[in-house]
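Observations on the model geometry
Given next are the chains, with one letter for each unit.
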Amino acid sequence: SMASSWNPELIERVGAALAEETRAMGCHVLLGPCVNIVRTPLAGRNFESYAEDPYLAGRIGVAWVMGVQSKNVGASLKHYACNNQEIERTRGNSVVDERTLREIYLAQFETIVKEARPWTVMCSYNRINGVYGSQNHYLLNQILKGEWSFDGAVVSDWGANHTTVESVQGGLDIEMPGPAKYYGRLLAEAVLNWQIDEAAVEDAVRRILRLILRCGQSDDPAGVVNTPEHQALARELAEESITLLKNDKRVLPLN
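Throughout what follows, the structure given in this document is the object of discussion. (Residues numbered from 1 in each chain as written. Predicted model: local features only at pLDDT ≥ 70, side-chain atom pairs only at ≥ 80, totals over all residues. Heavy atoms only, no water.)

1. Remarks on the overall build of the protein chain
Counting secondary structure elements, the protein chain contains nine helices and seven strands. What you see for the protein chain is a C-alpha radius of gyration of 19 Å, in line with the 18 Å of a compact globule of 255 residues. Projected onto its principal axes, the C-alpha positions of the protein chain cover 70 × 50 × 30 Å. When contacts within the protein chain are restricted to residue pairs at least 6 apart in sequence, long-range pairs at least 24 apart make up 75% of them. Total accessible area on the protein chain stands at roughly 13500 Å², and carbon and sulfur atoms take up 54% of it. Across the protein chain, the centroid of the 25 positively charged side chains sits 3 Å from that of the 32 negatively charged ones. (Helix = DSSP H or I, 4+ residues; strand = E, 2+ residues; numbered from the N terminus. Rg over C-alpha atoms; globule rule 2.2 N^0.38 Å. Contact = heavy atoms within 4.5 Å. Areas by Shrake-Rupley, 256 points an atom, 1.4 Å probe, with all protein chains shown as cover. Lys, Arg positive; Asp, Glu negative; His and termini not counted. Charge placed at Lys NZ, Arg CZ, Asp CG, Glu CD.)

Written as structure tokens, this is what we have:
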């Protein structure tokens, strides 16, 4: 519905309302937007995504993040990357050539990171060209933190982390959910045993501290939930999302 509105200004207002409701529930980060490409109708998370088109997904995603973070609630851009099907969702391998990766599956992420500066990015469950998203050095370190200058924290999807050393070195900053399964004591031992570069841990810590500071910088009120204004905004969005298809000259159905 949000993408069908073709209205970034409206979506920014929706994001601000979502942030107010998030604050009212005592939370600091809202786990969205999901900007994975709607590649197959069998993908059960399509309802969270915006479009088959990376440009549209990028414009709507920028507006959503800008709206949410305008109220000092963090966004979590997800699921990075190529998380576009449900079959073998937690361990499938998305094999993608470089041009397709850049032009279709990463383009909207790049736009949102550069323009809206989300506080967090959530890595995907699946493997990308054989390497899990939670420890994908190419995606997390080289592209996201390097090329795109992302200064936020990379958080795992729930249960998507599989390692201690490889994931921290690969660019993952926060393992979810807690309590720690691969981090915590195991990570401390890995540092003491010289299994991991201490600089990688320090970088993750800086990003987590930056997130904590951003979460605590607001003097805004506690937030509100389900107000008449929010209800009216939801209706406005529903109205703008309606798409009228006219079957001129009986073009449909297509043979």
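So, next bit.
2. Comments concerning the packing of helix 1 (residues 8-24) against helix 2 (residues 54-69)
Two elements in contact, helix 1 and helix 2, have axes separated by 7 Å at closest approach and are oriented at 40 degrees. The interaxial crossing formed by helix 1 with helix 2 has right-handed handedness. For the pair formed by helix 1 and helix 2, the contact residues are Pro 8, Ile 11, Glu 12, Gly 15, Ala 16, Leu 18 and Ala 19 on the first element and Arg 59, Ile 60, Ala 63, Trp 64, Met 66, Gly 67 and Val 68 on the second. Residue composition of the contact of helix 1 with helix 2, grouped by class: ten nonpolar, two polar and two charged. (Axes fitted to C-alpha atoms, helices over the stretch in contact; angles between N-to-C directions. Left-handed = near helix turned anticlockwise from the far one by under 90°. Nonpolar A, V, L, I, M, F, W, Y, C, P; charged D, E, K, R; others polar.)

3. Quick notes on the sheet that holds strand 4 (residues 120-123)
In spatial order, the strands read 1-2-4-7; together these four strands make up an open sheet with parallel pairing. The sheet terminates laterally at strand 1 (29-30) and strand 7 (153-156), the two strands that pair on one side only. (Pairing = 2+ DSSP bridges.)

4. Let's talk about the pairing of strand 4
Across the two faces of strand 4 the burial is the same, with Thr 120 and Met 122 and Val 121 and Cys 123 all buried. Bridge count for strand 2 (residues 74-80) against strand 4 is three bridges, and the pairing is parallel. From the neighbouring strand, Leu 77 faces strand 4, where its bridge partner is Val 121. Across four bridges, strand 4 lies against strand 7 in parallel orientation. Among the inter-strand pairings, Cys 123 is bridged to a residue of strand 7, identified as Ser 156. (Buried < 20%, exposed > 50% of the residue type's maximum accessible area, 1.4 Å probe, protein only.)

5. What about the sheet that holds strand 6 (residues 131-132)?
Ordered by their spatial adjacency, three strands build an open sheet running 3-5-6, and the pairing between neighbours is mixed. On the outer flanks of this sheet lie strand 3 (93-94) and strand 6, each paired with one strand and no other. With two bridges joining them, strand 3 and strand 5 (residues 127-128) adopt parallel strand pairing. Each residue of the ladder has a partner; that of Ser 94, found in strand 5, is Ile 128.

6. Points about the packing of helix 1 against helix 9 (residues 228-241)
At a closest axis distance of 11 Å, the pairing of helix 1 and helix 9 adopts a crossing angle of 145 degrees. Crossing of helix 1 over helix 9 shows left-handed handedness. Contacts between helix 1 and helix 9 involve Leu 10, Ile 11, Arg 13, Val 14, Ala 17, Glu 20 and Glu 21 from the former and His 230, Leu 233, Glu 236, Leu 237 and Glu 240 from the latter.

7. Looking at helix 2
Since the α-helix packs 3.6 residues into each turn, any two residues three or four apart lie on the same face. The end-to-end C-alpha distance of helix 2 is 22 Å, a good match for the 22 Å that 16 residues give at a rise of 1.5 Å each. For helix 2, the capping residue at the N-terminal end is Asp 53, with a side-chain oxygen 3.1 Å from the backbone nitrogen of Tyr 55. (Expected span 1.5 Å × (residues − 1). Polar contact = N/O pair within 3.5 Å; in protein donor to acceptor, adjacent residues only side chain to side chain.)

8. Quick notes on the pattern of salt bridges
The tally for this structure, following the rule as stated, stands at 18 salt bridges. Connected through salt bridges with shared partners, the residues Lys 145, Asp 173, Asp 203 and Arg 207 form a single ionic network. (Salt bridge = Lys/Arg side-chain N within 4 Å of Asp/Glu carboxyl O.)

9. Some remarks on unusual backbone geometry
Peptide bonds are, in most cases, trans, and in most cases residues other than glycine have a negative phi. Each neighbour pair has its own omega, and for Gly 32 with Pro 33 the value is 5 degrees, a cis peptide bond. Its location among the elements puts Pro 33 in the loop between strand 1 and helix 2. Between Met 176 and the following residue, Pro 177, the backbone shows a cis peptide bond with an omega angle of -5 degrees. Along the chain, Pro 177 turns up in the loop between helix 6 (165-170) and helix 7 (185-192). A positive phi is found at Trp 194, a non-glycine position, where the angle reads about 60 degrees. Tracing the backbone shows Trp 194 in the loop between helix 7 and helix 8 (198-215). Among the residues examined, Trp 194 registers a relative accessible area of 74% and is labelled exposed. A positive phi angle, close to 55 degrees, is found at Arg 250, a residue other than glycine.

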